[in-house]
Amino acid sequence: MGEHQAADIPARPYPVVSRFGEAPLAQTVAAAGAIRRLSSLLLSLEHAHPAVDAVLAQIGEWEGELAAAAPADSAPRIGADDDGRGRVYLDHATDIGAFNPSFPEYRFPLVYEGPPGLVHGGFLAVFFDCVIQHQNCVAGLSGKTRSLNVIFRRPTPVLTELRFDIARSEVDRGITSTARLLLDGEVLCIGEVNTLALSPDKLSGNRFGKRRAEQT
């Protein structure tokens, strides 16, 4: 394995122009952060709180309004169906956690806790898969994940600023990336991903339906 280099990944925020899907709406990005923060607060509560009842009632109303605005077909408009009736496909090449609270950001809040005060190992695997594919897409050569191996060396704390780096090598029709997650220079865990190497024009998400103009 070659010497580790700091990961060459551009900073947020969205929106960005991508070859792998439409940029999320600014509202979606803001909502993801709010949902993540709210979820962490809910997990911190020790007793029932009347504000949670108000949240549940409001969510039900919002769900009805948004369901009426969402496409009836939840399948993404990809490939031959890029002009179909389904939903717009958002860019999953870069920082997915910025717009989807179900994915980790490049920091682990309370919603990703497993053992007390520590990150659940499954989310560490998701983190490595996401951040390595992020770098591959920025480098212009990415593809389907063939294998993902995670080595846990030390517990990874939640609510803590961490650092990661990635060593990346390209071979015939393949990419091997080894990422390390560090706290104050100490390696907490290592993720190695082997990926099929494809140019962006050959990836399944390359042809995606553009966001339609808003109807008035």
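What this report covers is the structure whose coordinates are included nearby. On a predicted model such as this, the values are computed, not experimentally measured, just so you know.

### Some details on the overall build of the protein chain
And then number 1: Looking only at helices and strands, the protein chain has three helices and five strands in total.
And then number 2: Mapped in sequence order, the helices and strands of the protein chain form the string β-α-α-α-β-β-β-β.
And then number 3: Scored against the burial criterion, the 216 residues of the protein chain give a buried share of 36%.
And then number 4: Of the accessible surface of the protein chain, which amounts to about 12900 Å², a share of 55% is contributed by carbon and sulfur atoms.

### So, the packing of aromatic side chains
And then number 1: Following the criterion strictly, the structure yields five aromatic pairs and no others.
And then number 2: Ring geometry for Phe-108 against Phe-127: centres 5.6 Å apart, planes inclined by 65°, an arrangement best described as edge-to-face. Separated by 19 residues along the polypeptide, Phe-108 in the loop between helix H2 (50-69) and helix H3 (121-139) and Phe-127 in helix H3 bring together distant segments of the chain. Note on accessibility: Phe-108 and Phe-127 belong to one class, buried.
And then number 3: Feature note: the residues Phe-108, Tyr-112, Phe-123, Phe-127, Phe-128 and Phe-164 constitute an aromatic cluster, connected by ring pairs.

### Overview of the pattern of salt bridges
And then number 1: A complete count under the given rule lists six salt bridges for this structure.
And then number 2: Among the charged side chains, a network of salt bridges with common partners joins Arg-163, Asp-165 and Arg-180.

### Quick word on the environment of Ser-169
And then number 1: In this fold, Ser-169 is placed in strand E3 (residues 163-171).
And then number 2: Residue classification places Ser-169 among the partly exposed positions, given a relative accessible area of 36%.
And then number 3: Beyond its immediate chain neighbours, meaning those up to four positions away, Ser-169 contacts Gly-174, Ile-175 and Thr-176.

### Regarding unusual backbone geometry
And then number 1: Positive phi outside glycine occurs at Leu-159, with the angle close to 55°.
And then number 2: The topology assignment puts Leu-159 in the loop between strand E2 (145-152) and E3.
And then number 3: Note on Leu-159: relative accessible area 53%, which makes it exposed.
And then number 4: For Asp-184, which is not glycine, the phi torsion reads 55° and is therefore positive.
And then number 5: Along the polypeptide, Asp-184 turns up in the loop between strand E4 (174-183) and strand E5 (186-196).
And then number 6: Judged by its relative accessible area of 79%, Asp-184 falls in the exposed class.

### Examining H2
Think of an α-helix as turning once every 3.6 residues; residues three or four places apart then point the same way.
And then number 1: Taking 1.5 Å of rise per residue, 20 residues should cover 28 Å, and H2 covers 29 Å from first to last C-alpha, within 8% of that figure.
And then number 2: Counting buried residues along H2, only zero of its 20 residues qualify, which leaves the element largely exposed.

### A look at the side chain of Glu-22
And then number 1: With respect to the helices and strands, the residue Glu-22 is situated in the loop between strand E1 (5-6) and helix H1 (26-44).
And then number 2: Apart from residues no more than four positions distant in its own chain, Glu-22 is found in contact with Val-88, Tyr-89, Leu-90, Asp-91, Phe-208, Gly-209, Lys-210 and Arg-211.

### A few points about H1
And then number 1: Between its first and last C-alpha atoms H1 spans 28 Å; for 19 residues at 1.5 Å apiece the expected length is 27 Å, and the two agree.
And then number 2: All buried positions along H1 are accounted for by Ala-32, Gly-33, Arg-36 and Ser-40. The buried residues of H1 occupy one face: seen down the axis, they fall within an arc of 90°. In H1, the exposed positions that point more than 90 degrees away from the buried face belong to Ala-26, Gln-27 and Leu-41.

### Concerning the pairing of E3
And then number 1: Where E3 meets E4, nine bridges bridge the pair, whose relative direction is antiparallel. Each bridged residue has a counterpart across the sheet, and for Phe-164 the counterpart in E4 is Leu-181.
And then number 2: Where E3 folds back on E4, the antiparallel hairpin that results is connected by two residues, among which Arg-173 adopts a positive phi of roughly 60°.

### Quick notes on the nonpolar core
And then number 1: Ranked by internal contacts, the top residues of the largest apolar core, which has 17 residues, are Phe-108, Phe-127 and Leu-181.
And then number 2: When residues of this core are assigned to their parent elements, the largest contribution, five residues, is made by H3.
And then number 3: When neighbours within four sequence positions are excluded, Phe-127 is seen to be in contact with Pro-104, Glu-105, Tyr-106, Phe-108, Phe-164 and Leu-181.

### Observations concerning a nonpolar patch on the surface
And then number 1: There is a patch of nonpolar side chains on the surface, built from Leu-38, Leu-41, Leu-42 and Leu-45 and spanning about 340 Å² of accessible area.
And then number 2: Mapping Leu-45 onto the fold places it in the loop between H1 and H2.

Calculation criteria
- Residues numbered from 1 in each chain as written.
- Predicted model: local features only at pLDDT ≥ 70, side-chain atom pairs only at ≥ 80, totals over all residues.
- Heavy atoms only, no water.
- Helix = DSSP H or I, 4+ residues; strand = E, 2+ residues; numbered from the N terminus.
- Buried < 20%, exposed > 50% of the residue type's maximum accessible area, 1.4 Å probe, protein only.
- Areas by Shrake-Rupley, 256 points an atom, 1.4 Å probe, with all protein chains shown as cover.
- Phe/Tyr/Trp six-rings, centres within 6.5 Å; stacked < 30°, edge-to-face > 60°.
- Salt bridge = Lys/Arg side-chain N within 4 Å of Asp/Glu carboxyl O.
- Contact = heavy atoms within 4.5 Å.
- Expected span 1.5 Å × (residues − 1).
- Arc of directions from axis to C-beta.
- Pairing = 2+ DSSP bridges.
- Core = buried A, V, L, I, M, F, W, Y, C linked by side-chain atoms within 4.5 Å.
- Patch = residues over 30% accessible without salt bridge, like charges linked within 9 Å, V, L, I, M, F, W, Y side chains within 5 Å.

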